[in-house]
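Coordinate analysis (summary)
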Amino acid sequence: MILIETIEKLKEVLFRIRSNGKTIGLVPTMGALHEGHISLIKKAKSENQVVVVTIFINPLQFDNPNDLERYPRDLEKDLLLIESITDIVFAPSTQEIFPTEPMESYNFGEIETIMEGASRPGHFNGVATIVKRLFDYVQPNRAYFGEKDFQQLAIIRKLVEQTKEDITIVSCPVVRESTGLAMSSRNQLLSFAKRNIASKVYGIINKSKALGTPIVSKISEFVLTEIKKLEPVTLDYFTMIDEATLQPVESLEDAKSVVACVAFVIGEIRLIDMIRFK
Ligand code: PAF
């Protein structure tokens, strides 16, 4: 595994790799790597000859400066964790990526105005800005993203469509801790007790499936009532959407595939999750 910190070096190394006809899989991350990232890297490794993992905490996608400041950082630990399954790690400084103020402005229509887009203005423009730049530097054949960030995945697919990139976007299922809590870098910021409480949100949503009703208002009522009992959890949103369009559904029968997306704050930490209903 080689560690690269500059765009120039990255392009030079990848140019040689591409000239040798090798396929490249890209796994963009913000570090604080966990089993969820490992699953993306392993999938990339199984489908490409060379795997590039990027580790960059993108300031543009944080609407809350405290969230950016406390985001976990431990490059050495990350490198140790992935050295045996990764070929290239690109870990640039903020100055390297944004030497001048970024001016990119994207329009993804309605899908960027709901859920995360509504709660975190500018978030998806920030995500698209960095992802597009990484695509340009790496020019991968495939890029890998987790389904936990379900709306981000839809935004990235739209970005690829709009910019006509020849990149296959591969999504990987949510990886969970033994309690059911979705793996997230932010979990590290929670005490053991809070982590345990956070896992109950997943438990409640999963339990709502056993109600056996297709009516979303009934499912939501159950979920909202149960989450309200969880101290110190504050629900941001619980939305059930059509997987294909991200439009909210009123009944499970309204779409071929329905997923529930949830965002909540525990203590000061904001977590998201995605659970497939059908
Ligand atoms: O999902 C993430 O970790 C980030 O949003 C990403 C895709 C690496 C862009 O900074």
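Each chain has its residues counted from 1, following the order in which its sequence is written. Selection of residues for local features in this predicted model requires a pLDDT of at least 70, selection of side-chain atom pairs for listing and counting requires 80 or more, and totals for whole chains, interfaces and linings are taken over all residues. To obtain the side-chain values, all non-hydrogen atoms of the structure were used and water was disregarded.

**So, the sheet that holds strand β9 (residues 269-276)**
To keep things clear, this is the line we draw: At least two DSSP bridges between two strands are needed for those strands to be called paired. Starting at the N terminus, helices and strands are each numbered in turn, a helix being any DSSP run of H or I of at least four residues and a strand any DSSP run of E of at least two. To obtain each axis, a line is fitted to C-alpha atoms, and for helices this fit is confined to the stretch in contact; angles are then taken between N-to-C directions over 0 to 180 degrees. We call two residues in contact whenever any of their non-hydrogen atoms come within 4.5 Å of each other.
Here we have three strands laid out as an open sheet, ordered β7-β8-β9, and antiparallel in their pairing. A single partner strand is all that each edge strand has here, and the edge strands are β7 (233-242) and β9. Looking at each pair of strands side by side, their axes are set apart by 15° on average, direction ignored. For strand β8 (residues 258-266) and β9, the ladder comprises eight bridges, and the chain directions are antiparallel. Bridging from a neighbouring strand, C261 pairs with M274 of β9. On the sheet, helix α9 (residues 192-208) packs against β7, β8 and β9 and is oriented at approximately 155° with respect to β8.

**A few points about the nonpolar core**
This is how it is decided: Nonpolar core, defined: a set of buried Ala, Val, Leu, Ile, Met, Phe, Trp, Tyr and Cys residues in which side-chain atoms within 4.5 Å join the residues together. Per-residue accessibility, obtained with a 1.4 Å probe over protein chains only, is compared with the maximum for each type, and a residue is labelled buried under 20%, exposed over 50%, and partly exposed between these values.
Core analysis: the largest hydrophobic core is formed by 47 residues, its most contacted members being I88, F135 and I169. For this core, the element with the highest residue contribution is helix α7 (residues 123-138), accounting for nine residues. With 28 residues, the next largest nonpolar core counts Y202, A255, I266 and I275 among its residues.

**Examining the pattern of salt bridges**
Defined as follows: Throughout this description, the term salt bridge denotes a Lys or Arg side-chain nitrogen within 4 Å of a carboxyl oxygen of Asp or Glu.
All chains considered together, the criterion is met by 20 salt bridges. Among the salt bridges present, the one from D63 reaches R120, with a minimum N-O distance of 3.2 Å. Taken together, the residues D63 in the loop between β3 (50-55) and α3 (65-70) and R120 in the loop between α6 (115-119) and α7 connect sequence positions 57 residues apart. Exposure remark for D63: the relative accessible area of 37% places this residue in the partly exposed category. Residue R120 is classed as buried on the basis of its relative accessible area of 9%. Here R120 ties to D67 by a salt bridge, and the two come within 3.9 Å at their closest N and O atoms.

**Quick word on unusual backbone geometry**
Here E231 and P232 are connected by a cis peptide whose omega angle stands at -5°. Relative to the helices and strands, P232 is located in the loop between α10 (216-228) and β7. Of note in this structure, Q139 is not a glycine but carries a positive phi near 45°.

**Section: the site of the ligand**
What counts, and what does not: Distances are taken per atom, and a residue is near a molecule or strand as soon as one of its heavy atoms is within 4 Å of it. N or O atoms closer than or at 3.5 Å make up a polar contact, with two conditions inside protein: a donor-capable atom paired with an acceptor-capable one, and, for residues adjacent in sequence, both atoms drawn from side chains. For the area figures, the Shrake-Rupley method with a 1.4 Å probe applies, and any residue is considered shielded solely by the protein chains shown. The nonpolar class holds Ala, Val, Leu, Ile, Met, Phe, Trp, Tyr, Cys and Pro. Asp, Glu, Lys and Arg form the charged class, and all remaining residues, Gly among them, are polar.
Close to the ligand lie P28, T29, M30, N58, Q61, I130, F145 and Q152. Contact between the ligand and Q61: an oxygen atom at 2.6 Å from a side-chain N or O atom of the residue. Taking 290 Å² as the accessible area of the ligand by itself, protein coverage stands at 88%. Its residues assigned to classes, the shell around the ligand comprises four nonpolar, four polar and no charged.

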